[in-house]
Amino acid sequence: MDGSTNSLDDVSGSSAEYPDRVSMMEGRLQAQEDEIMLLKSSLADALRRLRLHDQLIPLLKQQIIAASRVLNQVYCSDGFSSSRKLSSSSALDSPRHPATSQVLNSTEGENGSNGDSPGLIHKTPTYDRATQTDLTPLVQDQELDRVPLALTRPVQSLSLEDALPEGMSLTEEARAKFHHIQGLELEEKDEEGEEKDLSWASSVEEAIHPTAIRNLQRDDLQDPNGSTESLSSASQTPISGSPAPPKDLSASPRSGPLSTILEGKKKPLSLLAQPCHTMETKRARRNSEKLVKDPQEKTKKLLDKKAASSANLLNRSPSQESRTKDLIARAGSPGSRRGTQGQSIKMFIRGRPITMYVPSNIQNYEDLRMEPPVEKLELDWVYGYRGRDCRANLYLLSSGEAVYFIACVVVLYHINNRTQRHYRKHTDCVRCLTIHPDKVRVASGQTAGVDKDGKPLQPYVHIWDSSTLITLQQIGLGTFERGVGSVAFSFADAGAFLCVIDDSNEHMLSVWDCAKGTKHTEVKSTNEAVFAVEFNPSDSTNIITCGKSHIYFWTLSAGSLTKKQGIFGKYKKPKFIQCFVFSLTGDVLTGDSEGNILTWGKSPGDIKTLGKGAKETFQIMRQTRAHDGSVFTLCMLQGGALLSGGGKDRKIIRWSADLAPERECEIPEKFGAVRCITDVNGEEVLVGTTRNAILRGTFSDGFVAIVQGHVDEMWGLATHPSQDVFLTCGHDRQVCVWNTAEHKLDWCTTLEVGGSGQHTNTPTHEYGLCADFCPNGAVVSVGLSTGRWLVLDLQTKEVISDYTDGNEQLSVMRYSPDGSFLAVGSHDNFIYVYNVTECGRRYSRYGKCNGHSSFITHLDWSKDGKYIMSNSGDYEILYWDVAGGCKLLRNRYESKDREWASYTCVLGFHVMGVWLEGSDGTDINALCRSHSERVVAVADDFCKVHLFQYPCPKPKAPNHSYEGHGSHVTNVRFTHCDSHLLSMGGKDTCILQWEVKRAGTSDGGDRTHSASITSSPEP
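Parameters and conventions
Just so you know, the residues in each chain are numbered from 1, in the order the chain's sequence is written. For this predicted model, a pLDDT threshold of at least 70 governs which residues receive local features, and a threshold of 80 or more governs which side-chain atom pairs are given and counted, while totals over whole chains, interfaces and linings are taken from all residues. To obtain the side-chain values, all non-hydrogen atoms of the structure were included, while hydrogens and water were left out. Under the DSSP-based scheme used, a helix requires at least four consecutive residues in state H or I and a strand at least two consecutive residues in state E, with every element numbered from the N terminus. For every accessible area listed, the method is Shrake-Rupley and the probe measures 1.4 Å; residues are considered covered only by the protein chains on display. For every residue, the accessible area (1.4 Å probe, protein chains only) is compared with the maximum for its type, and the residue is labelled buried under 20%, exposed over 50%, or partly exposed between those bounds. For two strands to be treated as a pair, DSSP must find no fewer than two bridges joining them. An axis is simply a line fitted to the C-alpha atoms; with a helix, the fit covers only the stretch in contact. Between two such axes, the angle follows the N-to-C directions and lies from 0 to 180 degrees. The term salt bridge refers to a side-chain nitrogen of Lys or Arg lying within 4 Å of a carboxyl oxygen of Asp or Glu. A residue's pLDDT is simply how confident the predictor is in it, with values from 0 to 100. By the convention used here, residues are in contact when the closest approach between their heavy atoms is within 4.5 Å. Ring pairs are drawn from Phe, Tyr and Trp, using the six-membered ring of Trp, whenever the two centres fall within 6.5 Å, and their geometry is named by plane angle: stacked under 30 degrees, edge-to-face over 60, tilted for the rest. Only lysine NZ and arginine CZ atoms are considered, and such an atom sits over a ring when it is within 6 Å of the ring centre and within 35 degrees of the ring normal. Counted as a polar contact is a pair of N or O atoms within 3.5 Å, where, for protein atoms, one must be capable of donating a hydrogen and the other of accepting one, and residues adjacent in sequence contribute only when both atoms are in side chains. Working definition: a disulfide is two cysteine sulfur atoms within 2.5 Å of each other.

Caption draft 1: Here's a closer look at the overall build of the protein. Broken down by element type, the protein carries 10 helices and 58 strands. When the accessible surface of the protein is totalled, it reaches about 42200 Å², and 49% of it is carbon and sulfur.

Right under this line is the structure:
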């Protein structure tokens, strides 16, 4: 606790002054790290492709030379006729692929045309079968690059009969020559082993298609006038292991009959003509010769363009300030991907294309109309309190409600009825709070914040009525910088003025007319941190401020402010003046970082030393030792007694009017130090703590927590499968189980560092990041930041299993629907799958899903528990056959109609519409489909929760948007019966519980309709 308190004192002048800047810098750093990782992955992929091309060039030369020689010999010996039709009988000799033939069609159009028109080229994009994302098609002069890739398929071999005219066959001698040419015989590999290769090369390499050689003699089919005979369309046999089912050739123009190629101007050939050759044979030889000459030149051009592409990739690298936001979704033409049926959808995120297939039950994708969901959200309960880094933020209203804030919400919690109301007119985090002398009106100030484009938002102060939650005045819009640090009403004139200190470098002090909302005066305060400001309760012209190494006494006169600094004299000057109050006698009492209570008073001017012009000064009249460590708060009681709250010693001490200690008590260590104290009735008090808890109690009976929350950033969220219970975990190493019906914390445990003896090298800062309940509801698994994961018993709260997978953080835990498997997604790019037995108490490794090129972000199980869908940090969507041994399903088309038990993956056809226009891949942190499969909730990076209709497969889907969080929303989950939605903020340490309102019920989801009342039972 010492370190916690001391750090708080030190931070008061630095981190407390710029908390939002630190948070912003952390966000930028994380975003830049993600971008660098993606760039590394892309560059490694590009280099791998370049190496592959370099290795294939010699083999290409050998194969083309050998093929051309055999063709010349066969044509010479048998005397072919000048014009024949292509035979379809060779379809059974070797698998065909339209892309290969189209590549050589393109080559012929460049090198061997008789007409004046260029060749018509159909380009077929290639696909990465591991990720199912499109690889950028090569331009026309790069089409030759596909030939060496096609020639490297080791399983297929050429059949020369495919190139012969109808009715002609090879002689045994020619066949022997053909089959003994060096470079054409390749060692066969096991097809099953080939399936495991997930490199780019294995994803796009294809066998030499029989039509590739027939295209070399394409000109044989043309008459002297340039006309082309009709071609017989042959049905094609799909390649073994093809990622898509066969389709009707007429479904796509890319796979239909060969396009007409018009010949261009002839060029002389540098080949020895043989008497038996016809003109068509010469053209075939000419094309073959150009294939031999050109690869080196074209490969050089290709490498130059690849290098330029890599350079452009670096130049286009987005930054946090000006990132390239490219999100385009469009419907592909039917069968645009080879061998597929139906429509495919492309979505681009940061320039990376992601292909998704339209399910069979959607016949007309373009005709789909998206509507906002009929369900809406209404804020039901707020878990947490901001006591970690804010002061004087807990008051008691005349209505019996305690008023405090967290994130963007000011909470009014009735301490006897256990109900909450919420003031939600702030657009960013609330930083300070004060109540009017009538104990009805409230003033709350917020930080500046930034919008989704990184532009700063202007801070302001709201004066509002706590009984109606209506805003009465908005103060200082466009005046304050960075945020509002402290506010105070005047007392002597019934709250006519409001004093505000902002978070600018000069900490501008301004006085405002509450009734008119106009500024009365303004002055620079100090460059040091300011912690508190108050009017003198008996004189509104006197204002006091305190902070780092100072206390200032201000006088308001004739519309201007003058200040006098308190003189410490013979007493040690503390590093921080933490707080102050006015005694009933008019003296000022301060609490400082040295643990002392100082009594300040006016002293007449020292005429003997300074002469007749000497002015009165404010000096220390008395010093009282109070606490070990800082005195964080002082509270004056009605009878003149004083309460002080300590930091390091966690004590609350009651002092008499003459500062004699009367009673004291110590709050439990788990709640932290005392942050602020509010008097309830002279005996009972409310205590806000530095670990974000609010306690209620007396010196005699002790204190119990009525409000609790996390202390640090949260990411892990899971809801119970059958009870009104949910679990949270975060960087504070706390695992908390909450009850949604009773609005309270059921229990909380702190993760032990290292666990059992086998984890002796575990870092000390180990925290939970993800969690999931077993379907039987008896246990819950929690994934940690070190690769460790634990299984907790909900009844005994004990750890019953402790495992480790890798040494990187775990991002997702997910049980299969029947509870027989547990999938663990890690930042080491693997998904670890475990067999689950003994009602979730015993686990054994089943397999590992290996294929992602970046860290796992989300995963879901199919309803039959046999398949997994997963997303990764580089926007991949992969599917896995768990029942078949955790194998990667390369054919994503086969998964388009699969039903999923849950839907938390942020990338997928059914949730494509949740990506707003202009988003990048990090703008959505989490989503969750309701159990009724009617709506999907989305947590974004801009402090908002969205509600969409499910499914929402079209861009710009309409939705309901809800504010309340003051930081990026890290997770969302529906309760087991879809009655409530839970959302958690990251840095704001806030958990919001939203009630799902069906059609026909009252709507309080808008920020202006936030006066819903909910209750909580007695603690």
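Additional details are given in the paragraphs that follow.
Caption draft 2: Fine view of the pairing of strand β11 (residues 430-435). With respect to burial, β11 is a largely interior element, 6 of its 6 residues being buried. One ladder, built from 5 bridges, connects β11 with strand β12 (residues 441-446); its direction is antiparallel. From the neighbouring strand, C432 faces β12, where its bridge partner is G445. Joining the antiparallel neighbours β11 and β12 is a turn of 5 residues, in which K439 adopts a positive phi near 60 degrees.

Caption draft 3: Structural view of the sheet that holds strand β25 (residues 596-603). Read across the open sheet, the 4 strands follow the order β23-β24-β25-β26; overall the sheet is antiparallel. Here the strands that pair on one side only, and so sit at the sheet edges, are β23 (577-582) and β26 (617-625). On average, each strand axis in the sheet is inclined to that of its neighbour by 30 degrees, with strand direction left out of account. Where β23 lies against strand β24 (residues 588-592), 5 bridges are found, and the strand directions are antiparallel. Looking at β24, one finds that I577 is bridged to D592.

Caption draft 4: Local environment of unusual backbone geometry. The step from Y950 to P951 runs through a cis peptide bond, and the omega angle for that step is -5 degrees. One can find P951 in the loop between β53 (944-949) and β54 (959-963). You will see that S549, though not glycine, has its phi angle at about 60 degrees, which is positive. Not every positive phi belongs to a glycine, and E933 is a case in point at roughly 60 degrees. If you trace the backbone, E933 turns up in the loop between β51 (924-929) and β52 (935-940).

Caption draft 5: The arrangement of the pattern of salt bridges in detail. Evaluation of the coordinates by the stated rule reveals 32 salt bridges. The salt bridge involving R350 is made with D920; its shortest N-O contact spans 3.3 Å. Of this pair, R350 sits in the loop between β4 (344-349) and β5 (352-357) while D920 sits in the loop between β50 (887-888) and β51, placing them 570 residues apart in sequence. Three or more residues joined by partner-sharing salt bridges are found here, namely K863, E899, R929 and E933.

Caption draft 6: Region of interest: the environment of G586. Note that G586 resides in the loop between β23 and β24. Residue class for G586 comes out partly exposed when judged on its relative accessible area of 42%. With 50 residues separating them in the primary sequence, G586 and N536 have C-alpha atoms 8.4 Å apart.

Caption draft 7: Quick peek at the confidence of the model for the protein. With 67% of its residues at a pLDDT of 70 or more, the protein has an overall mean of 76. For the stretch residues 79-293, pLDDT sits under 50, and the model shows 394 contacts to residues farther than four places along the chain or on other chains. Residue range residues 305-341 is modelled with pLDDT below 50. Its contacts to residues more than four positions away, or to other chains, number 99 contacts.

Caption draft 8: Spatial organisation of the sheet that holds strand β36 (residues 725-730). Taken together, 4 strands build an open sheet; the order of strands is β35-β36-β37-β38 and the sheet is antiparallel. Pairing within the sheet leaves two strands with one partner each, and these edge strands are β35 (714-719) and β38 (744-750). Here the average twist between neighbouring strands, direction ignored, is 20 degrees. In this sheet, strand β37 (residues 734-739) lies alongside β36 in antiparallel orientation, the contact comprising 5 bridges. Pairing of F726 across the sheet is with W738, part of β37.

Caption draft 9: Examining the packing of aromatic side chains more closely. The tally for this structure, following the rule as stated, stands at 26 aromatic pairs. With a centroid separation of 4.0 Å and 5 degrees between ring planes, the pair formed by F553 and F618 is classed as stacked. With F553 in strand β21 (residues 550-557) and F618 in strand β26, the pair connects residues that are 65 residues apart, well separated along the chain. The exposure class assigned to F618 is buried, which follows from its relative accessible area of 13%. Considering the side-chain rings of F830 and Y832, the 6.2 Å spacing of their centres and the 80 degrees angle between planes classify their relative orientation as edge-to-face. Judged on exposure class, the residue F830 and its partner Y832 are both buried. Through successive ring pairs, a cluster of aromatic residues spans F553, F568, W600 and F618. Positioned above the aromatic ring of Y552 is the side chain of K563, whose terminal nitrogen or guanidinium carbon lies 4.1 Å from the ring centre.

Caption draft 10: Molecular detail of the pairing of β53. Sheet topology places β52 next to β53; 5 bridges connect them, and they run antiparallel. Opposite A939, over in β53, you have V945 as the bridge partner. In textbook terms, the turn of a hairpin is the stretch between consecutive antiparallel strands, and for β52 and β53 this stretch comprises 3 residues, one of which, C943, has a positive phi near 70 degrees.

Caption draft 11: Expanded view of the environment of E876. Residue placement: E876 occurs in the loop between β48 (867-872) and β49 (877-881). For E876, a relative accessible area of 2% corresponds to the buried category. Among the polar contacts listed, one links the side chain of E876 to the backbone nitrogen of S853, at a separation of 3.2 Å.

Caption draft 12: Examining the side chain of S870 more closely. On the secondary structure map, S870 appears in strand β48. According to the relative accessible area criterion, S870 is buried, its value standing at 0%. Leave out the neighbours within four places in its chain, and S870 touches I831, H852, H858, L859, E876, I877, L878, W880 and C905.

Caption draft 13: Looking closely at the state of the cysteines. For the coordinates displayed, the defined rule picks out 0 disulfides. No disulfide involves C635; its nearest neighbouring cysteine sulfur is the one of C676, lying 9.4 Å away. Residue C635 is classed as buried on the basis of its relative accessible area of 9%. Residue C886 stays outside any disulfide, its sulfur separated by 4.2 Å from that of C849, the closest cysteine. A residue is classified by how much of its surface remains accessible, and C886, at 6% relative accessible area, is buried.

Caption draft 14: Here's a closer look at the environment of L556. Within the secondary structure, L556 sits in strand β21. Accessibility expressed as a relative area gives 13% for L556, which makes it buried. On a C-alpha basis, the gap between L556 and T541 in space is 4.7 Å, while along the polypeptide they are 15 residues apart. Filtering out sequence-adjacent residues up to four positions away, L556 remains in contact with H520, T521, T541 and L561.

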